[in-house]
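Listed here are the chains, written in short residue letters.
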Amino acid sequence: MASEAKNRTLIACMGDEDTITGMLLAGIGQVTNEPGKEKNFQICNDDTKSDELLAKFDEFTSRDDIAILLINQHLADVIRLEVDSFTAPFPAILEIPSKDHPYDPEKDSILRRVRRLFGDS
Amino acid sequence: MSGAGNREQVFPTRMTLGVMKGKLKGAQTGHSLLKRKSEALTKRFRDITKRIDDAKRKMGRVMQTAAFSLAEVSYATGGNIGFQVQESISNNARFKVKSRQENVSGVYLPQFEADINESINDFKMTGLGRGGQQIQKAREVYSKSVETLVDLASLQTAFVILDDVIKVTNRRVNAIEHVIIPRTENTISYINSELDELDREEFYRLKKVQEKKQIATAAADALMAAKKLKEEQDRLNELEKHEIDDVEKLVVKDEVVKEEESEVNTKANDDDNTDLVNETEGDVIF
Amino acid sequence: MEGLFFNIDAGYIEGLVRGYKNSLITSSQYINLSQCDNLEDLKLQLSATDYGNFLADINQTLSTSIIEQKLNKKLIEDFNYIRSQATYPLSKFMDFITYSYMIDNILLIITGTIHNRDKAEILKKCNPLGWFDTLPTLSITTDLNSLYETVLIDTPLAKYFHNCLSIDDLDDLNIEIIRNILYKEYLEDFHNFCVTELPNPTDEIMDRLLNFEADKRTINICINSIDTDLSTEEKMKMLPSIGLLTSNDSIKYQLSELSDLENLKILISSVGPYKEFFNDSSSSSTAGGKSLEDSFYEYEMNLNRNAFTQQFTYSTIWAYIKSKEQEIRNIAWISECIAQNQKDKINNYISVY
């Protein structure tokens with residue numbers, strides 16, 4: 001596990017344009033020519049199909065250099081089943097709010113696990 | 001609790017008993033150790049859970065502020081800078097994470113740390129004409145919020161790992177407490193009862209052997225006694241015969257009186273015989 | 001005298017623009033807008049203005065981007081209507097207005113070409129105001145070479161490219177530098193056109209407006225390049241040579257040479273009208289105070305408002321377009337504040353009417 005975490009240095013992001021722009025401003029973006037690792041961010045809008053989301057989600061979660069995957073909550077909702085059933089420690093999946101969709105703790109898969117564990121609602 | 005039938009398949013010997021006792025001891029020590037580990041982890045886990053809850057809520061606010069700073073940018077630049085920003089990304093990220101390990105009761109929890117390479121700035125030129133200041137400001141705000149996200153990610157990863165480890169540990173604790181220990185105890189009591197049973201069997205067997213021996217001795221004694229009696233009788237009869245012959249020879253007239261006398265002698269001999277038999281039987285029984 | 005023949009060609013248009021001007025959202029309407037609790041309220045308030053039912057056909061949840069999009073659409077419709085009525089020299093004048101958007105569009109395509117992006121996507125992002133017939137053909141080109149050739153020959157911006165950029169520059173220079181060089185060329189050309197071709201009082205007013213536009217860019221470039229490693233020569237190339245600051249060569253040179261904020265402030269404050277900018281914006285880095293950008297916008301809006309006081313001039317169209325843009329920004333800002341619950345900053349909009 002130790003070596004696994006060592007090589008993971010990138011933050012990936014899936015989100016709407018504003019979220020991505022902000023994250024890129026913070027400097028998380030990395031574009032390379034290496035096949036399969038061209039971009040570590042993906043703009044998804046309302047037209048993005050759920051299977052495209054899934055494909056991207058799978059791509060990011062299976063890359064070995066990503067430590068954290070940020071995903072807009074409203075996008076995570078579309079592929080909720082996959083997000084919920086992804087339990088590996090790496091990459092850590094964080095659901096973040098987007099500009100048009102404020103954060104709802106009730107939907108967050110980790111927080112729901114927390115609640116389930118402690119039985120309070 | 002597990003039924004009496006739940007035990008290990010062993011031969012009930014004294015050596016196995018020793019092994020089992022050692023095993024029980026080990027299981028109890030292991031149980032208390034694991035229990036303590038699980039408690040330590042759970043403490044940590046609850047702590048993290050609480051912090052996750054707080055951090056997630058905080059993130060909601062932080063991200064909102066960040067989104068707002070972006071709104072300021074689009075107000076200042078009068079347009080969407082998304083495309084420009086996307087296209088100015090270089091092949092090395094400015095904002096990376098470093099991971100560090102933290103050891104909690106033998107569990108390695110990764111801690112992410114923001115690793116900002118200040119020398120990289122892909123957006124120096126963005127907004128040169130207008131809105132540059134707002135862009136730089138938004139950059140800072142977003143950097144801050146990503147740092148918050150990185151912290152949150154550490155917590156969350158720790159949460160996921162701890163959750164797993166605690167589950168495994170608790171499973172082990174429960175397995176030891178409810179399966180291994182009772183089973184070992186069952187095995188031990190089984191071995192003990194088997195050994196006791198063997199002991200009793202052995203004792204009974206010895207008694208039985210003794211009894212058989214005594215019966216045999218008594219029988220032999222009785223035989224011997226009967227033999228003796230018969231010899232005596234024979235001898236008496238012989239003696240009587242001689243006497244009768246003598247009497248017949250000497251006194252023919254006194255015949256009736258002498259016959260009465262011989263009858264009395266026989267009766268007395270009979271009485272002696274019965275007493276002997278009675279005595280032997282009593283000895284054997286008690 | 002100048003007004004004598006003005007109405008033959010431009011009388012209708014001027015009336016139109018003044019009509020539009022009267023429908024610009026006023027301060028009291030802004031106050032109403034900023035009282036709204038949610039975007040639905042805002043929509044209701046806006047329907048009382050000239051925008052009418054522009055949001056009526058939106059059936060999904062309102063968002064700032066949708067509102068902004070619709071507002072822009074209205075502006076473009078207005079602009080195109082005026083444009084279709086215009087004759088020379090007004091038509092030329094209006095073309096010049098669109099050039100600045102064209103610069104952005106072309107740069108968008110150049111960026112896309114460098115990074116091999118999907119051209120259809122990029123075309124969607126282009127500003128419709130800067131649309132020209134050959135824009136789609138630009139998007140077909142796949143390499144920089146042919147793109148450069150097309151830009152040089154086919155677009156109205158050809159002369160700007162030709163003057164200052166070689167084909168190698170497209171590849172080497174940062175896209176922002178190219179943008180600012182083009183913008184400088186454009187401003188100078190536009191200024192030249194206004195002063196030489198257009199009748200009085202348009203030239204006077206436009207001179208004032210464009211000078212400020214140039215100065216605004218100059219100040220911005222200087223301030224924003226403090227932390228970059230741009231050389232003095234590169235900066236000189238980007239600074240327009242019109243405007244109060246830069247028409248004087250020595251000031252221009254000093255500006256491009258300075259590399260710390262304080263000295264820049266002193267230098268800029270030495271020029272009359274810009275004195276107060278830094279008084280207000282000195283605390284701009286800390287939140288709350290007015291930012292430099294806000295001061296610029298405010299000053300610009302005042303200039304625009306003043307432009308309406310003159311009659312028989314084309315500059316009203318410029319002023320109207322700019323006011324409208326500001327109005328869209330204002331509404332977008334207000335709706336953003338409402339959507340994100342940041343009411344404390346909602347009054348940062350700029351209203352002059």
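As a starting point, this report considers the structure included with it. On a predicted model such as this, the values are computed, not experimentally measured, just so you know.

Parameters at a glance
- Residues numbered from 1 in each chain as written.
- Chains lettered and ligands numbered in written order.
- Predicted model: local features only at pLDDT ≥ 70, side-chain atom pairs only at ≥ 80, totals over all residues.
- Heavy atoms only, no water.
- Helix = DSSP H or I, 4+ residues; strand = E, 2+ residues; numbered from the N terminus.
- Rg over C-alpha atoms; globule rule 2.2 N^0.38 Å.
- Contact = heavy atoms within 4.5 Å.
- Areas by Shrake-Rupley, 256 points an atom, 1.4 Å probe, with all protein chains shown as cover.
- Lys, Arg positive; Asp, Glu negative; His and termini not counted.
- Charge placed at Lys NZ, Arg CZ, Asp CG, Glu CD.
- Buried < 20%, exposed > 50% of the residue type's maximum accessible area, 1.4 Å probe, protein only.
- Phe/Tyr/Trp six-rings, centres within 6.5 Å; stacked < 30°, edge-to-face > 60°.
- Lys NZ or Arg CZ within 6 Å of the ring centre and 35° of its normal.
- Salt bridge = Lys/Arg side-chain N within 4 Å of Asp/Glu carboxyl O.
- Patch = residues over 30% accessible without salt bridge, like charges linked within 9 Å, V, L, I, M, F, W, Y side chains within 5 Å.
- Pairing = 2+ DSSP bridges.
- Axes fitted to C-alpha atoms, helices over the stretch in contact; angles between N-to-C directions.
- Disulfide = S-S within 2.5 Å.
- Expected span 1.5 Å × (residues − 1).
- Buried area = accessible area lost by both parts, 1.4 Å probe.
- Polar contact = N/O pair within 3.5 Å; in protein donor to acceptor, adjacent residues only side chain to side chain.
- Nonpolar A, V, L, I, M, F, W, Y, C, P; charged D, E, K, R; others polar.
- Core = buried A, V, L, I, M, F, W, Y, C linked by side-chain atoms within 4.5 Å.
- Parallel < 35°, antiparallel > 145°, perpendicular 65-115°, else oblique.
- Left-handed = near helix turned anticlockwise from the far one by under 90°.
- Right-handed = clockwise from strand over helix to strand, strands pointing away.

Here we look at the overall build of chain C
Reasoning step 1: In terms of helices and strands, chain C carries 18 helices and 0 strands.
Reasoning step 2: Expected size for 353 residues packed as a compact globule is a radius of gyration near 20 Å; at 21 Å, chain C falls within 12% of this value.
Reasoning step 3: With the principal axes as the frame, chain C shows a C-alpha extent of 55 × 50 × 45 Å.
Reasoning step 4: Within chain C, contacts between residues at least 6 apart in sequence are counted, and of these 64% link residues at least 24 apart.
Reasoning step 5: Approximately 15000 Å² of chain C is accessible, and the part contributed by carbon and sulfur atoms is 48%.
Reasoning step 6: Each charge class in chain C was averaged separately, 30 positive and 51 negative side chains, and the resulting centres sit 4 Å apart.

Remarks on the overall build of chain A
Reasoning step 1: Helix and strand counts for chain A come out as 6 helices and 4 strands.
Reasoning step 2: Element order for chain A, N to C, with α for helix and β for strand: α-β-α-β-α-β-α-α-β-α.
Reasoning step 3: With respect to the principal axes defined by its C-alpha atoms, chain A has extents near 45 × 35 × 25 Å.
Reasoning step 4: For chain A, with 121 residues in total, the buried portion stands at 55%.

Comments concerning the packing of aromatic side chains
Reasoning step 1: Counting across every chain of the model gives 17 aromatic pairs over all chains.
Reasoning step 2: Aromatic rings pair up to connect F93(C), F96(C), Y99(C), Y160(C), Y183(C), Y186(C), F190(C), F193(C), Y314(C) and W318(C) into one cluster.
Reasoning step 3: Here the guanidinium or amino end of R7(B) rests over the ring plane of Y190(B), the centre of that ring lying 3.5 Å away.
Reasoning step 4: The ring of F308(C) has K21(C) lying over it, and the distance from NZ or CZ to the ring centre is 5.4 Å.

Considering the pattern of salt bridges
Reasoning step 1: Evaluation of the coordinates by the stated rule reveals 24 salt bridges over all chains.
Reasoning step 2: The partner of R63(A) in a salt bridge is D65(A), with the nearest N and O atoms 3.1 Å apart.
Reasoning step 3: Across the pair K184(C) and E188(C) runs a salt bridge, and its minimum N-O distance is 4.0 Å. Of the two residues, K184(C) and E188(C) are both situated in helix α11 (residues 175–197); the distance of 4 residues between them amounts to about one turn of the helix.

Some details on a negative patch on the surface
Residues and elements named next belong to chain B.
Reasoning step 1: Residues E243, D245, D246 and E248 make up a contiguous surface patch of negative charge.
Reasoning step 2: As for its placement among the helices and strands, D246 is situated in helix α3 (residues 132–250).
Reasoning step 3: Residue classification places D246 among the partly exposed positions, given a relative accessible area of 40%.

Points about the sheet that holds strand β1 (residues 10–15) of chain A
All names here are of chain A.
Reasoning step 1: The parallel open sheet is built from 4 strands, whose spatial order is β2-β1-β3-β4. Unpaired on one side and paired on the other, β2 (41–43) and β4 (92–96) mark the two borders of the sheet. The average undirected angle you get between the axes of adjacent strands in this sheet is 15°.
Reasoning step 2: In terms of strand pairing, β1 meets β2 through 3 bridges, oriented parallel.

Let's talk about the side chain of S315(C)
Residue and element names in this part refer to chain C.
Reasoning step 1: Relative to the helices and strands, S315 is located in helix α18 (residues 315–339).
Reasoning step 2: Of the residues examined, S315 reaches a relative accessible area of 0% and is grouped as buried.
Reasoning step 3: Residues contacting S315, with those up to four places away along its chain left out, are F93, T202, I205, M206 and A307.

Comments concerning the state of the cysteines
Reasoning step 1: Scanning the model with the defined rule gives 0 disulfides over all chains in all.
Reasoning step 2: Residue C337(C) stays outside any disulfide, its sulfur separated by 12 Å from that of C36(C), the closest cysteine.

Concerning the environment of K237(C)
Residues and elements named next belong to chain C.
Reasoning step 1: Inspection of the secondary structure puts K237 in helix α13 (residues 232–238).
Reasoning step 2: Note on K237: relative accessible area 40%, which makes it partly exposed.
Reasoning step 3: For the pair formed by K237 and A56, sequence separation is 181 residues and the distance between their alpha carbons is 48 Å.
Reasoning step 4: Excluding residues within four positions of it along the chain, K237 makes contact with C164, I181 and K184.

Comments concerning α11(C)
Reasoning step 1: Counted at 1.5 Å a residue, the expected span for α11(C) with its 23 residues is 33 Å, and the 32 Å between its end C-alpha atoms agrees.
Reasoning step 2: The element α11(C) is extensively covered by neighbouring structure, given that 19 of its 23 residues are classed as buried.

Some points on the interface of chain A and chain B
Reasoning step 1: The partner chain B presents 49 residues to the 48 residues of chain A that form the contact.
Reasoning step 2: Buried surface at the junction of chain A and chain B, summed over both partners, amounts to about 4200 Å²; 70% is from carbon and sulfur atoms.
Reasoning step 3: On the surface where chain A and chain B come into contact, there are 0 salt bridges.
Reasoning step 4: At the junction of chain A and chain B, the tally comes to 5 residue pairs in polar contact (both at pLDDT 80 or more).
Reasoning step 5: Of all the elements in the fold, those that place two or more residues in the side of chain A that touches chain B are α1 (2–6), β1, α2 (17–26), β2, β3 (66–72), β4 and α6 (109–118) of chain A.
Reasoning step 6: Tallying contributions element by element places α2(A) first for the side of chain A that touches chain B, with 8 residues.
Reasoning step 7: A per-class count over the side of chain A that touches chain B returns 31 nonpolar, 8 polar and 9 charged.

Looking at the nonpolar core
Nonpolar side chains in soluble globular proteins tend to end up buried together.
Reasoning step 1: Core analysis: the biggest nonpolar cluster contains 119 residues, and L42(C), F93(C), F161(C), Y186(C), F190(C), I317(C) and W318(C) have the highest contact counts within it.
Reasoning step 2: Sorting elements by how many residues they give to this core places helix α5 (residues 90–114) of chain C first, with 14 residues.
Reasoning step 3: Apart from residues lying up to four places away in sequence, Y186(C) is in contact with F96(C), I97(C), Y99(C), S100(C), I103(C), Y160(C) and W318(C).
Reasoning step 4: Membership of the second largest hydrophobic core comes to 57 residues, among which are M23(A), Y103(A), F95(B) and V107(B).

Re the side chain of N330(C)
Reasoning step 1: Residue placement: N330(C) occurs in helix α18.
Reasoning step 2: Overall, N330(C) belongs to the buried group, its relative accessible area being 0%.
Reasoning step 3: Side chain to side chain, N330(C) and Y30(C) meet in a polar contact 3.0 Å long.
Reasoning step 4: If sequence neighbours within four positions are ignored, N330(C) has contacts with Y75(B), Y30(C), Y349(C) and I350(C).

Some remarks on the packing of helix α1 (residues 14–77) of chain B against α3(B)
All names here are of chain B.
Reasoning step 1: Between α1 and α3, the least distance of the axes is 4 Å, while the angle of their chain directions is 165°. Between α1 and α3, the angle is such that the two are roughly antiparallel. You can see that α1 and α3 cross each other, and the crossing is left-handed.
Reasoning step 2: The class makeup of the residues in the contact of α1 with α3 is 37 nonpolar, 19 polar and 16 charged.

A short note on the pairing of β1(A)
All names here are of chain A.
Reasoning step 1: Taken across its 6 residues, β1 has 6 buried, putting it largely inside the fold.
Reasoning step 2: Because side chains alternate across β1, one face comprises the buried residues L10, A12 and M14, and the other comprises I11, C13 and G15, equally buried.
Reasoning step 3: With 5 bridges connecting them, β1 and β3 associate as parallel partners. The residue bridging A12 from the neighbouring strand is L69, located in β3.
Reasoning step 4: The β-α-β motif built from β1, the intervening α2 and the parallel element β2 has right-handed crossover chirality.

Examining the packing of α5(C) against α18(C)
Residue and element names in this part refer to chain C.
Reasoning step 1: Packing of α5 against α18 brings their axes to within 10 Å, and their N-to-C directions diverge by 30°. By the angle class used here, α5 and α18 are roughly parallel. Handedness of the α5/α18 crossing: right-handed. Contact residues: L90, F93, M94, I97 and Y101 in α5; S315, I317, W318, I321, K322 and E325 in α18.
Reasoning step 2: In the contact of α5 with α18, the residues fall into 8 nonpolar, 1 polar and 2 charged.

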